[in-house]
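Here's the letter readout for the chains.
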Amino acid sequence: MDANKQLTIGLFGFGVVGQGLYRILQQTPSLNASIKRICIKDPAKKRDAPDALFTTDRDLLLNDPEINVIVEVINESEPAYRIVTTALRKGKDVVSASKKMLAEHLPELITLQQSSGRSLLYEASACASIPVIRNLEEYYDNDLLHSIKGIVNGSTNFILTKMFEDKLDLKDALLLAQQLGFAETDPTLDLEGYDAVNKWTLLLNHAYGITTSPGDIVFNGIQNIKESDARVAKEKNLHIKLVAQAQKLKEGDVAGFVLPQFVRQDDHLSFVKNEYNGVVIESGFADKQFFYGKGAGSFPTATAVLSDISALRYQYKYEYKKLHHHKLLRLYDDFHLRAYVSFADWTFIPREKFEYIEEWHAHADRKYLVGILHFREIKGHRWWKDNNTSLILMPDPIVEDMDVRKLKKVSLELAGIM
Ligand code: HSE
């Protein structure tokens, strides 16, 4: 390591994260890192930093031979992609927090990182202050990672907490999340699960060496969750969380998705409130480990960026070792899920798709069932998202090895609904 290496930074973006980084760097002089120039979009905005630092000309940063690190924390994916790829091609190290851009271009960026010989680090892009990427990459570098599940979006967790504990409605809770700087510029990215699935795409790569794209992962957000769902959660002593999950199956491949889930009170994730994120990792012999920390906001996210900048002093780079394992893992879809589905009108619910129905409550205004269905009845279908339907997975939702077919007829006949 070269502790004296001077890191001269060209910073793209001076929003929530960029400003946080600017402040934190002022308090970490031992890092030998300084911001030479900041590229912003709107020169008219009043900013709390010397005017001389700012420019709207990207090339002033990208073509400056003295700048050896590009930190990119802007909002828009396409410009972020151009900045990151150009910087790597020009021989600069890059730190990025653009999870959407990274998730959409990861395979290509990995190749570019390798051919450029530089580092591309992005710890801030998933779970902000929790060092989950580097842990998955370095510590869980073996075959023993049984499962990983997490709350990876701070805004939706904040909103669920405010809705269920402080009785705010979704709109007010979202407004608060926006005011506090947690939400994306387009908050549907948070609410409808896009942000979480982008992060999960990245984490699946570092956890299991799975290369996939956000569009190939089954996901939803919290937009369909109803008050009546919260009442059911309360009756059953459960919490509702947006959970990203991946689990190795017996066949060796991995079940993975991002869906709302009922979480037991003693589950580590039930302790994760407000904008905090949490990740529970289960490995072969060590049992469970729980990572917890702020998943959004200026300083928590900037801290992860700072840690990446600091790792550049010793030329740290992700090696993506799991991409070179003898058996490449992939997302598998031959398993069952235990799910709760609430709906206004049962004609929209394909009951015949359920292998087994454990509960059927058809009398309330808002009806619901709990049952087991094949993952493929969700993947590639929309019935569970459309027509005011809300699907929430039950705790420990993945069902393997069950002779569900035998149970199916019995349960439906007993309930008198076939
Ligand atoms: N909108 C994101 C979240 C910001 O709420 O988690 C942090 O990535």
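Above this text is the structure in question.
What counts, and where the lines are drawn
- Residues numbered from 1 in each chain as written.
- Predicted model: local features only at pLDDT ≥ 70, side-chain atom pairs only at ≥ 80, totals over all residues.
- Heavy atoms only, no water.
- Near = heavy atom within 4 Å.
- Polar contact = N/O pair within 3.5 Å; in protein donor to acceptor, adjacent residues only side chain to side chain.
- Areas by Shrake-Rupley, 256 points an atom, 1.4 Å probe, with all protein chains shown as cover.
- Helix = DSSP H or I, 4+ residues; strand = E, 2+ residues; numbered from the N terminus.
- Pairing = 2+ DSSP bridges.
- Contact = heavy atoms within 4.5 Å.
- Axes fitted to C-alpha atoms, helices over the stretch in contact; angles between N-to-C directions.
- 1 Å grid on protein atoms, 1.4 Å probe; cavity = no way out; pocket = protein on both sides within 12 Å on 5 of 7 lines; lining within 4 Å.
- Points joined across faces, edges and corners; volume = space filled by probe spheres on them.
- Phe/Tyr/Trp six-rings, centres within 6.5 Å; stacked < 30°, edge-to-face > 60°.
- Buried < 20%, exposed > 50% of the residue type's maximum accessible area, 1.4 Å probe, protein only.
- Lys NZ or Arg CZ within 6 Å of the ring centre and 35° of its normal.

## A word on the site of the ligand
Reasoning step 1: Taken together, the residues surrounding the ligand are Lys 99, Asn 153, Gly 154, Ser 155, Phe 182, Ala 183, Glu 184, Asp 190, Asp 195, Lys 199, Gly 295 and Ala 296.
Reasoning step 2: Within the side chain of Asn 153, a nitrogen or oxygen atom sits 3.5 Å from an oxygen atom of the ligand.
Reasoning step 3: Within the backbone of Phe 182, one N or O atom sits 2.7 Å away from a nitrogen atom of the ligand.
Reasoning step 4: Computed on the free molecule, the ligand has an accessible area of 260 Å², of which 92% lies beneath the protein chains in the complex.
Reasoning step 5: Elements represented by at least two residues in the shell around the ligand include exactly α6 (154-165) and α9 (194-208).

## Let's talk about the sheet that holds strand β2 (residues 33-39)
Reasoning step 1: On the basis of which strands lie adjacent, the open sheet formed by six strands has the order β3-β2-β1-β4-β5-β6 and parallel pairing. In this open sheet, the two strands that pair with only one neighbour each are β3 (54-55) and β6 (120-121).
Reasoning step 2: Pairing of strand β4 (residues 69-72) with strand β5 (residues 93-96), which is carried by four bridges, proceeds in the parallel orientation. Residue pairing in the sheet places Ile 70 in a bridge with Val 94 of β5.
Reasoning step 3: Running over the sheet, helix α3 (residues 77-89) touches β1 (7-12), β4, β5 and β6 and is turned about 170° from β4.

## Quick word on unusual backbone geometry
Reasoning step 1: Here Gln 315, not a glycine, exhibits a phi torsion of approximately 50°, which is positive.
Reasoning step 2: On the secondary structure map, Gln 315 appears in the loop between α11 (298-311) and β13 (336-343).
Reasoning step 3: In this model, Asn 387 sits at a positive phi of 50°, which is unusual for a non-glycine residue.
Reasoning step 4: Turning to its location among the elements, Asn 387 is positioned in the loop between β15 (367-374) and β16 (390-399).

## Looking at the layout of surface pockets
Reasoning step 1: Approximately 530 Å³ is the volume found for the second largest pocket.
Reasoning step 2: Lining the second largest pocket are 23 residues, and of these Met 163, Phe 164, Glu 165, Lys 167 and Ala 230 sit closest to its centre.

## Some words on the packing of aromatic side chains
Reasoning step 1: In the structure shown here, the tally under the stated rule is 18 aromatic pairs.
Reasoning step 2: Here Phe 290 and Tyr 292 contribute two aromatic rings whose centre-to-centre distance is 5.9 Å and whose plane-to-plane angle is 40°, an arrangement assigned as tilted.
Reasoning step 3: In this structure Tyr 292 comes out as partly exposed when scored by relative accessible area, which is 44%.
Reasoning step 4: On the basis of an interplanar angle of 85° and a centroid distance of 5.9 Å, the ring pair of Tyr 316 and Tyr 318 is categorised as edge-to-face.
Reasoning step 5: Classification of Tyr 318 as buried rests on a relative accessible area of 2%.
Reasoning step 6: The rings of Tyr 122, Tyr 314, Tyr 316, Tyr 318 and Tyr 320 are connected pair by pair, giving a single aromatic cluster.
Reasoning step 7: Over the aromatic face of Tyr 316 sits the side chain of Arg 134, whose NZ or CZ is 5.2 Å from the ring centroid.
Reasoning step 8: For Lys 385, the ring lying beneath its charged end belongs to Phe 219, and the centroid distance is 4.9 Å.

## Structural notes on the pairing of β16
Reasoning step 1: Judged by how many residues are buried, β16 sits mostly within the fold: nine of 10 residues are covered.
Reasoning step 2: Bridge analysis of β13 against β16 gives six bridges, and the strand direction is antiparallel. When the sheet's bridge partners are listed, Val 341 is paired in β16 with Leu 391.

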